[in-house]
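# Coordinates in review
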Amino acid sequence: MPRAVRFDRYGGVDVLNVVDVERPVPGPGQVLVGVKAAGINPGEASIREGFMHERWPATFPSGEGSDLAGVVEELGPGVDRFEIDDEVLGFTDERASHAELVVVPADHLTRKPPNVSWDAAGALFVAGTTAYAAVRAVGASSGDTVVVSGAAGGVGSLTVQLAVLRGATVIGLAGERNHQWLLEHGVIPVAYGDGVADRIREVSDGGRVDAFIDTFGSGYVALAVDELGVKPDRVDTIIDWAAGQQYGVKMEGTAAAASAGVLAELAELIDEGRLEVPIAKTFALEDVRDAFRELEQRHTRGKIVLRP
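Okay, so let's go over this structure. Predicted model, so just to flag it, every value in this text is computed and none were measured.

In terms of helices and strands, the protein chain carries 10 helices and 14 strands. Relative to its length of 308 residues, the protein chain is compact, with a C-alpha radius of gyration of 19 Å against a globular reference of 19 Å. Referenced to the eigenvectors of the C-alpha coordinate spread, the extents of the protein chain come out at roughly 60 × 40 × 35 Å. The 308 residues of the protein chain split such that 55% are buried. Restricting to contacts in the protein chain with at least 6 residues of sequence separation, those with at least 24 account for 68%.

As structure tokens, then:
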């Protein structure tokens, strides 16, 4: 029997179990995918802990996971876009990708280009579409100076690269151990912590900051508006909803760019060598608890991936 991650109550990583499940059967318009890689994301930890119950309540026993990449194993009625053994990447809205097999709507999938690794493909959806939406939300373009908090994290590491591709001067806030990686990707690194506003002004053109993307929370929205003088309509936070409402800034993330079309565009950039998905660590499906322990430390560069 195929295996999948399940939890039957809210709690810490100890509520996660890998169990035998019935083989999924694709219905009309659906595809059965044998999962090769599936990224994990902070939002999944928040849902499992019950912090998102009001917004996204879990129904127990619950699966988890959105990101996925794998091989088409079976086609449901009416699917003609794919064939058996096609290599694909995509997403599920059913909290189901942390598994060996998953049923996915055909329109949630796109073909995996040959130069995109399984790990990168399987980790792309949430981080990639969130980064895409955030960069678009603040209107990053040539001549702009854009600051990104959490610049070496799962979302931040893609956000800085996409902003650079748009021609912006990008300042990335990160710990010093990630500064070399940022420099290698065309980003000006700045250490976070006390005095960060002054350090940002020192490296920006005349102290000017045009846009700010917050992927970390912890007061960066206030810093952007109150200390750096960024206009609220050019600030986007993907995490600090309270500050977003208080300051009237944008809060666009995955939902604003969740499509196979955006995924295909991002995958093409990876295939061409213009975008990198940094992979921090990989874990076997059975080690899902350890994977989330690593994630919840919030100090990894790039993505953590499960390999079913």
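Before going further, it helps to spend a moment on the sheet that holds strand E9 (residues 169-173). In spatial order, the strands read E10-E9-E8-E11-E12; together these five strands make up an open sheet with parallel pairing. Every other strand in the sheet has two partners, leaving strand E10 (188-190) and strand E12 (235-237) as the edge strands with one partner each. The sheet shows a mean angle of 15° between the axes of neighbouring strands, taken without regard to direction. Bridge analysis of strand E8 (residues 145-149) against E9 gives four bridges, and the strand direction is parallel. Bridge pairing links Val-148 to Gly-172 in E9. In this fold helix H7 (residues 220-227) packs onto E8, E9, strand E11 (211-214) and E12, with an angle of close to 170° to the strand it touches most, E11.

Another point: the packing of aromatic side chains. This model, assessed by the stated rule, comprises four aromatic pairs. Between the aromatic rings of Tyr-10 and Phe-60, the centroid separation amounts to 5.1 Å while the plane-to-plane angle is 80°, which identifies the pairing as edge-to-face. Taken together, the residues Tyr-10 in the loop between strand E1 (3-6) and strand E2 (17-20) and Phe-60 in the loop between helix H1 (42-49) and strand E4 (67-75) connect sequence positions 50 residues apart. Looking at Phe-60, the relative accessible area reads 36%, which means it is partly exposed. An aromatic cluster of three or more residues is present, and its members are Phe-7, Tyr-10 and Phe-60.

When its volume is computed, the second largest pocket comes out at roughly 360 Å³. In terms of lining, the second largest pocket is formed by 23 residues, of which the most central are Arg-6, Glu-94, Arg-95, Ala-96 and Val-102. Secondary structure elements with two or more residues in the lining of the second largest pocket: E1 and strand E6 (101-105). The greatest single-element share of the lining of the second largest pocket, amounting to four residues, is contributed by E6.

Counting 47 residues, the largest nonpolar core has Leu-124, Val-160 and Leu-162 as its most contacted members. Of all the elements in the fold, those that place two or more residues in this core are strand E5 (87-91), helix H2 (118-122), helix H3 (125-137), E8, helix H4 (156-165), helix H5 (179-184), E11 and helix H9 (260-271). Tallying contributions element by element places H3 first for this core, with eight residues. The contact partners of Leu-124, leaving out residues within four places of it in the chain, are Asp-67, Leu-89, Thr-129, Leu-158, Leu-263, Leu-266, Ala-267, Ile-270 and Val-277. Listed in part, the 19 residues of the second largest apolar core include Ala-197, Tyr-220, Leu-223 and Leu-228.

Bridge count between strand E13 (residues 279-284) and strand E14 (residues 303-307): five bridges; the pairing is parallel. Among the inter-strand pairings, Thr-282 is bridged to a residue of E14, identified as Val-305.

Within the secondary structure, Asp-210 is located in the loop between helix H6 (196-203) and E11. Here the side chain of Asp-210 touches Thr-145 through a polar contact of 2.8 Å, landing on its backbone nitrogen. Looking at Asp-210, its side chain comes within polar contact range of the side chain of Arg-208, at 2.9 Å. Beyond its immediate sequence surroundings of up to four residues, Asp-210 is in contact with Gly-143, Asp-144, Thr-145, Val-230 and Arg-234.

As a further point, take the packing of H3 against H4. Running from N to C, H3 and H4 point in directions that differ by 45°, and their axes come no closer than 8 Å. By the criterion of interaxial angle, the relationship of H3 to H4 is oblique. When you trace H3 past H4, the crossing you get is right-handed. Along the contact surface, H3 presents Ala-127, Gly-128, Ala-131, Tyr-132 and Val-135, while H4 presents Leu-158, Thr-159, Leu-162 and Ala-163. In terms of residue class, the contact of H3 with H4 is built from seven nonpolar, two polar and no charged.

Analysis parameters
Residues numbered from 1 in each chain as written. Predicted model: local features only at pLDDT ≥ 70, side-chain atom pairs only at ≥ 80, totals over all residues. Heavy atoms only, no water. Helix = DSSP H or I, 4+ residues; strand = E, 2+ residues; numbered from the N terminus. Rg over C-alpha atoms; globule rule 2.2 N^0.38 Å. Buried < 20%, exposed > 50% of the residue type's maximum accessible area, 1.4 Å probe, protein only. Contact = heavy atoms within 4.5 Å. Pairing = 2+ DSSP bridges. Axes fitted to C-alpha atoms, helices over the stretch in contact; angles between N-to-C directions. Phe/Tyr/Trp six-rings, centres within 6.5 Å; stacked < 30°, edge-to-face > 60°. 1 Å grid on protein atoms, 1.4 Å probe; cavity = no way out; pocket = protein on both sides within 12 Å on 5 of 7 lines; lining within 4 Å. Points joined across faces, edges and corners; volume = space filled by probe spheres on them. Core = buried A, V, L, I, M, F, W, Y, C linked by side-chain atoms within 4.5 Å. Polar contact = N/O pair within 3.5 Å; in protein donor to acceptor, adjacent residues only side chain to side chain. Parallel < 35°, antiparallel > 145°, perpendicular 65-115°, else oblique. Left-handed = near helix turned anticlockwise from the far one by under 90°. Nonpolar A, V, L, I, M, F, W, Y, C, P; charged D, E, K, R; others polar.

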